[in-house]
Amino acid sequence: MKVLRCATLNVVMLLLSGCLDTPMKIPTSLGFDGSFAKKLVEMQTKAGPRVLKSKAHQQTGDLIVGLLKQFKFQVVEQSEYRNIIGSINPENKNRILFTAHWDTRPWADQDTENKDKPGPGANDGGSGVAVLLEMARNLSLSQPKIGVDLIFWDAEDLGTSDKEDSYCLGSQYWTKNPHVKNYSAKFGVNLDMVGAAGARFPIEGYSLQMGKLAVEKVLAAASTAGTSAYFERRQGSYITDDHFYIMKALKIPMMDVIQLRSSGGFYEHWHTHQDTVDKISESTLQAVGNTMLAVIKGEDL
Ligand SMILES: [Zn+2]
């Protein structure tokens, strides 16, 4: 974004061919599992940077699709960019939307060296995907009545700041070609860089401006979940992230939950080779996951 200024029953061992050397055990109990979410980040970074057209991109996309299907989501994939949409209760008009980008920027251009090579993208990309997938596992167990869509955006991170609308290509494509005709949702949340130790999520500017309902829902859920320390009640910078294009084109109120520092900057290892899995905190993932599940629970009346 741009700154203005293979499973068996419910047992579940997952083997990713050529990507993981050890089988992964998927938890079976209800409740967001921060430790499992961190493992999901690790699986992505083990595959490698998820740069478009790379093997890691293909494998990770397949992993996301495989897990969503295992969690009994209806899955639609787009082909222009590989946006992956997982839905529960697709017939229900009463819906909420949660999104995150899953691609990795091809260049670690905020680093001091090897700027032309991709970083690992543990927090930037990896963390949002992990939270959505662990939410999916929970929803498969809790079976809410409300409709929920989880969208994994491709091609978010190919932009340059001098080129208007060069970020968020996957979500921009979807707003013009939604997976369902006349798609709408009551509100939505986009997750971006939501896993670092010590992360704080002040209210991103456009979310407050155009997505107030979503902001209110998330802050209320944070109170319920006891995670208000993470979701600060102050305004942060304006970020042209995936949520911006959805609000602009489809008028769905969205909140961008994104780590912003009081100094105004992003996550300190953003777009560097240091955006590695050891910076990811189970507690932060847990707090974000608990909050998002509380958002759904609050709507599932
Ligand atoms: Zn990025």
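Because the structure is a prediction, the values reported are computed rather than measured.

A.B. asks: I would appreciate a short explanation of the overall build of the protein in the present structure.
C.D. replies: Helix and strand content of the protein: eight helices and ten strands. Relative to its length of 301 residues, the protein is compact, with a C-alpha radius of gyration of 17 Å against a globular reference of 19 Å. Counting only C-alpha atoms and orienting by the principal axes, one finds that the protein spans roughly 45 × 45 × 35 Å. Total accessible area computed for the protein in this model is approximately 12,500 Å², and 52% of it derives from carbon and sulfur atoms. Within the protein, the 34 negative side-chain charges are centred at a point lying 4 Å from the centre of the 33 positive side-chain charges.

A.B. asks: What exactly am I supposed to notice about the pattern of salt bridges here?
C.D. replies: Any two side chains of opposite charge can pair, given that their charged atoms come close. Tallying each qualifying case throughout the model produces ten salt bridges. Across the pair Glu 299 and Lys 217 runs a salt bridge whose closest N-O atoms are separated by 3.0 Å. One end of the pair, Glu 299, is in helix H8 (residues 282–299); the other, Lys 217, is in helix H6 (residues 212–225), with 82 residues separating them in the sequence. For Glu 232, the salt bridge is made with Arg 234, and the minimal N-O distance between the two is 2.9 Å. Connected via shared salt-bridge partners are Asp 62, Glu 77 and Arg 82.

A.B. asks: Hey, could you run me through the coordination of the zinc ion in this one?
C.D. replies: Around a metal, the idealised angle for a tetrahedral arrangement of four donor atoms is 109.5 degrees; for an octahedral arrangement of six donor atoms it is 90 or 180 degrees. Those protein atoms acting as donors to the zinc ion are Asp 124 (OD), Asp 157 (OD) and His 271 (NE2), and they sit at 1.9 to 2.2 Å. Each donor residue of the zinc ion lies on the same chain, and together they follow the pattern D-x32-D-x113-H. With a gap of 147 residues between them, Asp 124 in helix H3 (residues 122–142) and His 271 in the loop between strand S10 (254–258) and H8 connect regions that are remote in the sequence. The exposure classification of Asp 124 matches that of His 271, with both residues buried.

A.B. asks: How do you make sense of the packing of H6 against H8 when you look at a structure like this?
C.D. replies: The description of two packed helices rests on the angle between their axes and on the distance between the axes. The interhelical angle for the contact between H6 and H8, taken along N-to-C directions, is 110 degrees, at an axis separation of 8 Å. Between H6 and H8, the crossing angle belongs to the class labelled roughly perpendicular. Contact residues: Lys 217, Val 218, Ala 221, Ala 222 and Ala 225 in H6; Asn 290, Thr 291, Met 292, Ala 294, Val 295 and Glu 299 in H8. Of the residues assigned to the contact of H6 with H8, the class counts are seven nonpolar, two polar and two charged.

A.B. asks: Please clarify how the nonpolar core should be interpreted in this entry.
C.D. replies: Phe 98, Met 135, Leu 150, Phe 152, Leu 191, Phe 231 and Met 292 are the most contacted members of the largest nonpolar core, which has 60 residues in total. Take this core: its biggest share by element is nine residues, from H3. Every residue in contact with Met 292, bar those within four places of it in the chain, is listed here: Phe 98, Met 135, Val 189, Leu 191, Val 218, Phe 231 and Val 257.

A.B. asks: Would you take a moment to explain the side chain of Asp 149 for this structure?
C.D. replies: Turning to its location among the elements, Asp 149 is positioned in strand S7 (residues 147–153). Of the residues examined, Asp 149 reaches a relative accessible area of 1% and is grouped as buried. At a separation of 2.7 Å, a polar atom in the side chain of Asp 149 contacts the side chain of Ser 87. There is a polar contact of 2.7 Å between the side chain of Asp 149 and the side chain of Arg 95. Ignoring any residue separated from it by four or fewer positions in sequence, one finds Asp 149 in contact with Gly 86, Ser 87, Arg 95, Ile 96, Leu 97, Phe 98, His 179 and Tyr 183.

A.B. asks: Honestly, the sheet that holds strand S4 (residues 74–77) in this entry has me stumped. Any pointers?
C.D. replies: For sheets, the rule is that strands pair by backbone hydrogen bonds, running either parallel or antiparallel. The strand order across the open sheet built from six strands is S4-S5-S7-S6-S8-S10, with neighbouring strands paired in mixed fashion. At either end of the open sheet lies a strand with only one pairing partner, and these are S4 and S10. Going from strand to strand, the sheet's axes swing by 15 degrees on average, the running direction of each strand aside. Summarising the sheet, strand S8 (residues 187–192) and S10 pair through five bridges and their orientation is parallel. Paired with Gly 188 across the strands is Met 254, a residue of S10. Strand contacts of helix H2 (residues 55–70): S4, strand S5 (84–88) and S7, with the helix running at about 10 degrees to S5, the strand carrying the most contacts.

So, how was this worked out
Residues numbered from 1 in each chain as written. Predicted model: local features only at pLDDT ≥ 70, side-chain atom pairs only at ≥ 80, totals over all residues. Heavy atoms only, no water. Helix = DSSP H or I, 4+ residues; strand = E, 2+ residues; numbered from the N terminus. Rg over C-alpha atoms; globule rule 2.2 N^0.38 Å. Areas by Shrake-Rupley, 256 points an atom, 1.4 Å probe, with all protein chains shown as cover. Lys, Arg positive; Asp, Glu negative; His and termini not counted. Charge placed at Lys NZ, Arg CZ, Asp CG, Glu CD. Salt bridge = Lys/Arg side-chain N within 4 Å of Asp/Glu carboxyl O. Donors = N, O, S within 2.8 Å, 3.2 Å for Na, K, Ca; no water. Buried < 20%, exposed > 50% of the residue type's maximum accessible area, 1.4 Å probe, protein only. Axes fitted to C-alpha atoms, helices over the stretch in contact; angles between N-to-C directions. Parallel < 35°, antiparallel > 145°, perpendicular 65-115°, else oblique. Contact = heavy atoms within 4.5 Å. Nonpolar A, V, L, I, M, F, W, Y, C, P; charged D, E, K, R; others polar. Core = buried A, V, L, I, M, F, W, Y, C linked by side-chain atoms within 4.5 Å. Polar contact = N/O pair within 3.5 Å; in protein donor to acceptor, adjacent residues only side chain to side chain. Pairing = 2+ DSSP bridges.

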